[in-house]
Structure formats: structure tokens, C-alpha cells
Amino acid sequence: YLSHDGVLEPLGRSQILGYLVRLAGRYRIHLLTFEKPGDLADSERVSATEKELRQAGISWRWLRYHNQPPLIATAIDLRRAGRVADGLVRDERLEIIHARSYVPSVLALRLKRRHGSRFLFDMRGLWADDRVEIGSIDRSTEVGDEFGSESLCVNQAWRGRGQHRGVDIAQHRD
């Protein structure tokens, strides 16, 4: 399981650990996360999380998250994670690579091609909605409006209230 979000963060803790702990009873789980320096400074929280994951049967490896300089830091993080993940997939003979969001999906796709593992992509929000929310796309522009409309269609279809591009997505839900 690859995540650019850390499990020491509230979001990572709630959206990652919540179901990985339940899955660990049936599957071998290896978790690779990026943790922020401020979170790593809280050694008690790091130790408690390590203990919790170990007791659940989850192997956790973390790397320090970098955000400066923008884009280059992400590329460096991916390169570092690539070496660690490549070794894990090879040594543990991992069959499924689960990538949480877009950044780790780049790495997961490479691992899939190199090792023949299956690739599971997991996203919790739509990219365009996230960009509008943080202000990098203005919803009032043509691009923002198009992305926003597309996202609204997908969200409504997923909730069983319509179709997206002629496909009734509600029929394909588990």
C-alpha cells in the first residue's frame, strides 16, 4: 500500500488505517508512507503507531516527506520510494500494489510493469474538485466550470442519481 499521505496525519490515519487494520487479518499488508518532519518529531506518536501497526500485522516503512522545491521534491520522494518499494515487491513477492491517490500511482504503475503485480488505484476525491477547493483552478473560468460539471456528473452518478457519459454507474457499484 503506497501513500504520499502519512499515517501520522489525521487524514491518513482515518482514511488508511481504518480499513488496512481490518484487511490485515486476511492479507499480508506492507504500508509505505511519507511522513512530515513535524509529525516525526513526536516520537511517542511514532512509537504508538508503530506498535499499533505491528500488533495488527502490518509492516510499515516510512520516508520523510519533502515539499520544497515544489515538483522536484515530489520527484525525489518518488525516486526514493521507488527503491524501497521495488525491494519490497521483489523480496516479499507482492501481488497487488495499492496506490492511494495520484502521486504514488506513478510508482505503482512502474512496479506493475516491472514485476507483473496487479495495480489498484484508490482516490478519495476528484482531482478537479480538489484543485477548485485549494484555489488552483477558478470554478468561474471555462476550465473550472468544465471540470466542476464533470465532477458533479460523476459524483451524482456514483451516488445513484444519474448517468455519466451514458453509463449508469450505479449499476456497477459493489
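Our structure's up above, just so we're on the same page.
The rules we used
Residues numbered from 1 in each chain as written. Predicted model: local features only at pLDDT ≥ 70, side-chain atom pairs only at ≥ 80, totals over all residues. Heavy atoms only, no water. Helix = DSSP H or I, 4+ residues; strand = E, 2+ residues; numbered from the N terminus. Buried < 20%, exposed > 50% of the residue type's maximum accessible area, 1.4 Å probe, protein only. Contact = heavy atoms within 4.5 Å. Areas by Shrake-Rupley, 256 points an atom, 1.4 Å probe, with all protein chains shown as cover. Axes fitted to C-alpha atoms, helices over the stretch in contact; angles between N-to-C directions. Parallel < 35°, antiparallel > 145°, perpendicular 65-115°, else oblique. Left-handed = near helix turned anticlockwise from the far one by under 90°. Core = buried A, V, L, I, M, F, W, Y, C linked by side-chain atoms within 4.5 Å. Nonpolar A, V, L, I, M, F, W, Y, C, P; charged D, E, K, R; others polar.

**Topic: the overall build of the chain**
And step 1. Counting secondary structure elements, the chain contains seven helices and five strands.
And step 2. Relative to its 174 residues, the chain shows a buried fraction of 36%.
And step 3. Counting contacts in the chain only where the partners sit at least 6 residues apart, residues at least 24 apart contribute 56% of the total.
And step 4. Taken as a whole, the chain presents about 11100 Å² of accessible surface, with 51% of it coming from carbon and sulfur.

**What about the environment of G25?**
And step 1. Among the structural elements, G25 can be located in the loop between α1 (10-23) and β2 (29-35).
And step 2. Sequence separation between G25 and A56 is 31 residues; the distance between their C-alpha atoms is 7.5 Å.

**Re the packing of α1 against helix α3 (residues 43-56)**
And step 1. Running from N to C, α1 and α3 cross one another at 25°; their axes reach a closest spacing of 10 Å. When the interaxial angle is binned, α1 and α3 end up roughly parallel. Judged by the twist between their axes, the crossing of α1 over α3 is left-handed. Contacts from R13, L17 and V21 of α1 reach α3 at T49, E52, L53 and A56.

**Observations concerning the nonpolar core**
A general trend in soluble globular proteins is that nonpolar side chains are found buried together.
And step 1. Core analysis: the largest hydrophobic core is formed by 16 residues, its most contacted members being L2, L32, L107 and L111.
And step 2. Every element with two or more residues in this core is listed here: β2, α4 (72-92), β4 (96-100) and α5 (102-115).
And step 3. Residue contributions to this core peak at six residues, all from α4.
And step 4. Excluding anything up to four places from it in sequence, L2 contacts L32, A85, I97, H98, A99, R100, P104, L107, A108 and L111.
And step 5. Core analysis: the next-biggest nonpolar cluster, separate from the first, contains 15 residues, L20, I29, V46 and W60 among them.

**Notes on the packing of α4 against α5**
The relative placement of two packed helices comes down to the angle between their axes together with the axis-to-axis distance.
And step 1. Two elements in contact, α4 and α5, have axes separated by 10 Å at closest approach and are oriented at 35°. As α4 runs across α5, the sense of the crossing is right-handed. Contacts between α4 and α5 involve T74, L78, A81, G82, A85, D86, V89 and R90 from the first element and V103, P104, V106, L107, R110, L111, R114 and H115 from the second.
And step 2. Looking at the contact of α4 with α5 residue by residue, the classes come out as nine nonpolar, three polar and four charged.

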